[in-house]
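An overview of the molecular structure
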Amino acid sequence: MTLLDFARGPALEWSLIIFVAGSLWRLVGALLVRRKRDLSEPRSRSTVAGGIRTVFSRMFPRKEFHSKTLFAVIAGYVLHFGLAITVFLFTPHILFIDGLLGISWPGIPNNLVMFAGVVTIATLVALLIRRMTTPLLKKISSADDYISWVMTLLPVLTGMMAYAHIGGPYQTVLAIHILTVEAMLIWFPFGKLFHAVLWIPSRAQMGAAMQRRGVKA
Amino acid sequence: MTINMEIFQQFAEQLPHLGEHAQPPQMTDAARVETARETFVRKLDGRMAVDLESCIHCGHCASACHFYVGTEDPKYAPIRKLDLLKRVYRRELSPLRWLHRLYTDDITVKDLQEWQELVYDSCTECGRCSMVCPMGINIAGMVNVMRQGMARAGMMPAELMAMEQEQGGHDSLFGVGPEQMKGAIAKLQEAGVDIPLDKHEADVLVTTSVIDIILFTDGLIATARIMNHLGLNWTLRSDGYEAANFGLLSGCERVQKIASEKIVLAARACGAKTVIIPECGHAYPSMRWEAANEHGGKLPFEVLAISEFLGREVKAGRLKLNTLGRDRKVTYHDPCKLARHSGTIEEPRWVLDALGVDFREVDSGRELNWCCGGGAGVFLINSASELRQQAFQVKIKQVEKTGADSVVTACGSCRLNFMNGSMRSNWDKGIESLVELVAEALPTH
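Since we're looking at a predicted model, the values are computed, not measured.

Concerning the overall build of chain A
- Looking only at helices and strands, chain A has ten helices and zero strands in total.
- Written out in order from the N terminus, the α and β elements of chain A read α-α-α-α-α-α-α-α-α-α.
- Each of the three principal axes of chain A carries a C-alpha extent, and together these read 65 × 35 × 35 Å.
- Burial analysis of chain A (217 residues in total) assigns 40% to the buried set.
- Put simply, 70% of the contacts in chain A that link residues at least 6 apart link residues at least 24 apart.
- Within the structure as shown, chain A displays about 11800 Å² of accessible surface, and the carbon and sulfur contribution to it stands at 74%.

Comments concerning the packing of aromatic side chains
- On inspection of all chains with the given rule, the structure shows eleven aromatic pairs over all chains.
- With a centroid separation of 6.5 Å and 85° between ring planes, the pair formed by Phe190(A) and Trp98(B) is classed as edge-to-face. Here Trp98(B) lies in helix α7 (residues 97–103) and Phe190(A) lies in the loop between α9 (170–187) and α10 (195–212), a pairing that spans two chains.
- The rings of Phe19(A), Phe188(A) and Phe194(A) are connected pair by pair, giving a single aromatic cluster.
- In this arrangement the basic side chain of Arg128(B) is found over the ring face of Trp370(B), its NZ or CZ atom lying 3.7 Å from the centre.
- One Lys or Arg, Arg415(B), reaches over the ring of Phe216(B) and ends 3.9 Å from the middle of that ring.

Some words on the sheet that holds strand β4 (residues 302–305) of chain B
All names here are of chain B.
- Taken in spatial order, the four strands of this open sheet run β2-β1-β3-β4, and their pairing is parallel. Every interior strand has two partners, whereas the edge strands, β2 (234–235) and β4, have only one.
- As judged from the three bridges shared by strand β1 (residues 204–206) and strand β3 (residues 274–277), these two strands associate in the parallel manner. The partner of Val206 across the bridge, within β3, is Ile276.
- This element, helix α17 (residues 283–295), spans β3 and β4 of the sheet and lies at about 160° to β4.

Let's talk about the nonpolar core
- With 160 residues, the main nonpolar core has Phe40(B), Phe174(B), Leu310(B) and Leu355(B) as its most contacted residues.
- Take this core: its biggest share by element is seven residues, from helix α10 (residues 139–152) of chain B.
- In contact with Phe40(B), other than residues within four places in its own chain, are Leu84(B), Leu85(B), Val88(B), Ile107(B), Val145(B), Met146(B) and Gly149(B).
- If you look at the next biggest cluster of nonpolar residues, it comprises eleven residues, including Phe90(A), Val113(A), Ile121(A) and Leu153(A).

So, the interface of chain A and chain B
- Facing the 51 residues of chain A at the interface are 62 residues of chain B.
- Counting the surface lost from both chain A and chain B, the interface buries some 4800 Å², and carbon and sulfur atoms represent 60% of this.
- Contact with chain B buries area across many residues of chain A, yet Arg43(A), Phe65(A) and Arg213(A) alone supply 15% of it, more than any other trio.
- In this structure, the connection of chain A to chain B is made through four salt bridges.
- A salt bridge links Lys298(B) to Glu41(A), with the nearest nitrogen and oxygen atoms 3.6 Å apart.
- Put simply, chain A and chain B have 29 residue pairs in polar contact (both at pLDDT 80 or more) between them.

Description of the pattern of salt bridges
Residues and elements named next belong to chain B.
- All told, the structure shown has 36 salt bridges over all chains when counted by the stated rule.
- In this structure, Arg237 and Asp239 form a salt bridge, with 2.9 Å as the shortest nitrogen-oxygen distance.
- Residue class for Asp239 comes out partly exposed when judged on its relative accessible area of 37%.
- When the shortest N-O distance is used, the salt bridge between Asp358 and Arg326 registers 3.6 Å. One end of the pair, Asp358, is in strand β6 (residues 358–359); the other, Arg326, is in the loop between α18 (306–315) and β5 (329–333), and 32 residues separate them in sequence.
- Given the relative accessible area of 13%, Asp358 is considered buried.

Focus on the side chain of Thr180(A)
Residue and element names in this part refer to chain A.
- By secondary structure assignment, the location of Thr180 is in helix α9.
- In this structure Thr180 comes out as buried when scored by relative accessible area, which is 11%.
- Residues in contact with Thr180, not counting those within four places in the same chain, are Leu154, Pro155 and Thr158.

Overview of the environment of Ala186(B)
All names here are of chain B.
- Tracing the backbone shows Ala186 in helix α12 (residues 178–190).
- Relative accessible area serves as the criterion here: at 28%, Ala186 is assigned to the partly exposed category.
- Along the primary structure Ala186 and Leu197 are separated by eleven residues, whereas in three dimensions their C-alpha atoms are 9.1 Å apart.

Some points on the sheet that holds β6(B)
Residues and elements named next belong to chain B.
- Spatial ordering of the open sheet is given by β6-β5-β7-β8, a layout of four strands whose pairing is parallel. Every interior strand has two partners, whereas the edge strands, β6 and β8 (430–433), have only one.
- Pairing of β5 with β6, which is carried by two bridges, proceeds in the parallel orientation. What sits directly across from Val330, in β6, is Phe359.
- Running over the sheet, helix α21 (residues 412–425) touches β5, β7 (406–409) and β8 and is turned about 170° from β8.

Description of the pairing of β3(B)
- Burial of β3(B) is two-sided: the residues Thr274(B) and Ile276(B) facing one way and the residues Val275(B) and Ile277(B) facing the other way are all buried.
- Where the polypeptide runs from β3(B) across α17(B) and back to β4(B), its parallel neighbour, the crossover connection is right-handed.

Describing the pairing of β4(B)
- Relative to β4(B), β3(B) runs parallel, the two sharing four bridges. Looking at the pairing, Ile276(B) lines up with Leu304(B) of β4(B).

Some thoughts on helix α16 (residues 253–270) of chain B
Residues and elements named next belong to chain B.
- The first and last C-alpha atoms of α16 sit 26 Å apart over 18 residues, in line with the 26 Å expected at 1.5 Å per residue.
- Looking only at α16, the buried set comprises Val255, Gln256, Ala259, Ser260, Glu261, Ile263, Val264, Ala266, Ala267 and Cys270.
- Positive backbone phi, approximately 70°, marks Gly271, located one or two places after α16.

Re the packing of helix α20 (residues 385–400) of chain B against α21(B)
All names here are of chain B.
- Direction vectors running N to C along α20 and α21 enclose 90°, while the axes themselves pass 10 Å from each other. Looking at the two axes, α20 sits roughly perpendicular to α21. The segment α20 lies against α21, with Ser385, Glu386, Arg388, Gln389, Phe392, Gln393, Lys395 and Ile396 engaging Asn417, Phe418, Asn420, Gly421, Ser422, Arg424 and Ser425.
- Partitioning the contact of α20 with α21 into residue classes produces three nonpolar, eight polar and four charged.

Focus on a nonpolar patch on the surface
Residues and elements named next belong to chain A.
- Nonpolar side chains collect at one region of the surface, where Val48, Ile52, Phe56, Met59, Phe60, Tyr77 and Phe81 lie side by side and expose about 700 Å² of accessible area between them.
- Those elements that place two or more of their residues in the nonpolar patch are α3 (47–57) and α4 (66–88).
- When residues in the nonpolar patch are grouped by element, the largest group, three residues, is from α3.
- As for its position among the elements, Phe81 is in helix α4.
- Of the residues examined, Phe81 reaches a relative accessible area of 54% and is grouped as exposed.

Thresholds, definitions, all that
Residues numbered from 1 in each chain as written. Chains lettered and ligands numbered in written order. Predicted model: local features only at pLDDT ≥ 70, side-chain atom pairs only at ≥ 80, totals over all residues. Heavy atoms only, no water. Helix = DSSP H or I, 4+ residues; strand = E, 2+ residues; numbered from the N terminus. Buried < 20%, exposed > 50% of the residue type's maximum accessible area, 1.4 Å probe, protein only. Contact = heavy atoms within 4.5 Å. Areas by Shrake-Rupley, 256 points an atom, 1.4 Å probe, with all protein chains shown as cover. Phe/Tyr/Trp six-rings, centres within 6.5 Å; stacked < 30°, edge-to-face > 60°. Lys NZ or Arg CZ within 6 Å of the ring centre and 35° of its normal. Pairing = 2+ DSSP bridges. Axes fitted to C-alpha atoms, helices over the stretch in contact; angles between N-to-C directions. Core = buried A, V, L, I, M, F, W, Y, C linked by side-chain atoms within 4.5 Å. Buried area = accessible area lost by both parts, 1.4 Å probe. Salt bridge = Lys/Arg side-chain N within 4 Å of Asp/Glu carboxyl O. Polar contact = N/O pair within 3.5 Å; in protein donor to acceptor, adjacent residues only side chain to side chain. Right-handed = clockwise from strand over helix to strand, strands pointing away. Expected span 1.5 Å × (residues − 1). Parallel < 35°, antiparallel > 145°, perpendicular 65-115°, else oblique. Nonpolar A, V, L, I, M, F, W, Y, C, P; charged D, E, K, R; others polar. Patch = residues over 30% accessible without salt bridge, like charges linked within 9 Å, V, L, I, M, F, W, Y side chains within 5 Å.

These figures come from the coordinates and say nothing about function on their own.
In structure tokens, the structure reads:
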């Protein structure tokens, strides 16, 4: 079995199993922790609407908070869009997903994907420098922040290396690229990358609770 | 109306000695850790679990915190204040606890000592951090759970411990119990203020607080005048008058329940359909949101903050007011516990509108208002004195921008903190109470 066979075979299967099972375990486990019924008289009963509104309203901070948060918010958007473009709009990825799940969609020109990859890496580097040099962020950072950073960077970096045919024989670099994606999938349920799942329930419960008290969150 | 600054000075001079009355429980370090841990586990719920799993360490919460902004010290980052709770959650409750236990340290008594400053001195549980958090984490709610654990472990500031022990053990605050309260009311009655005390039947139970009895007496008189002006069947009862709840502030659940149940029982005894909370920030959520859960069922009355009540009366046309004139340039300070925590936002503005003053809204007001830095008992904590002053500078800057001559508010703690902060900063803005302004504008029949 070659390294590429391993990456495309058992490694892929096991990483997907860990990704799905781990994610379900963490999500369901957190959601199942007991919740006490609030017996106080609500100011508003439209808590579902309040929850849904906050899921969307927290996509951008309110203007009162712009001066201190805008850089990180914009960098966050660039990073997330960059990742989405490189993962989901690169034609070979679409073919790979088609082979795996039987669903496909049109891609965009490779040059554009590579540009998005470069921007993504540059943003990741900028955010890392900021995290390591700002006293506040240094103080609240943990190993999770740095591991998650590496797990996000490596698939993008190795993918671009494979596309550009640098760093060794194509088959080997491609195998390493696939393995880094699998490492990211394995890490996903255990670290902060899991916010990709939790952003909806955490915002929704805040919005619902605030709505109950008559406050728009 | 103004308050007697001499009495305020005397009151302020007593505060540094407040903690001397505390009787810290004798516990071993191991017992303190065990008690704190057990309380954290018992109070952690599903909402907190999702919140604690969600943080992405972006630090936005710090930009919304007056203690961080006032000091720029990263140790005051709001989310960091939850570290001990998070560690206990990860080791005891998280779905990944089998993994987290391998690398997450258990809490120690040294941690508890270090975190006392973070959850008491440097957090007013104002909740502004939650308004910017991209994940919507309820940090203030979990700081309160931290306080509950610390309180049971006997690791709260001596000042709050003394107050909580006085309220829970002697049914008094600052030496004012039911008898002293009755004496104070009798004096006001002799002076011609009509305050119906201990009525057996009343539609409205008005509560007060020790601060109104000993310091802001004008606020109490104003409330009585308004109630009488509206022709309400109301009472103040000596068996359930104290709205301040030092159980809630200190984190002592037992005393919190004792204090709120007194009001529930007094309201039941006179058949009140409405309970009015005075200008006291934390007293409102204590009765409005917490009391039913401690009581174990829906309360048989409506709970209204006095500012909320006044706003409704004005809006419904039942309370007509004289205008005070547009030469009075005022701004309004939304007390965190009334606005951000409880949605009492429009009502005070309806009142200010009816008063016909030149009202100037602050930047970042309403549910996003900056806390004054004195809430959740922080005003009484001596070790928080400098920190509070640094945080208050944020408030000064915000108010200065409005060009108002005075700040109106509807919370006694905010008012005390504004007065103290103004004195120490030589800041010349007037600090006014909403209820007193309304009494000033009552038409004469």
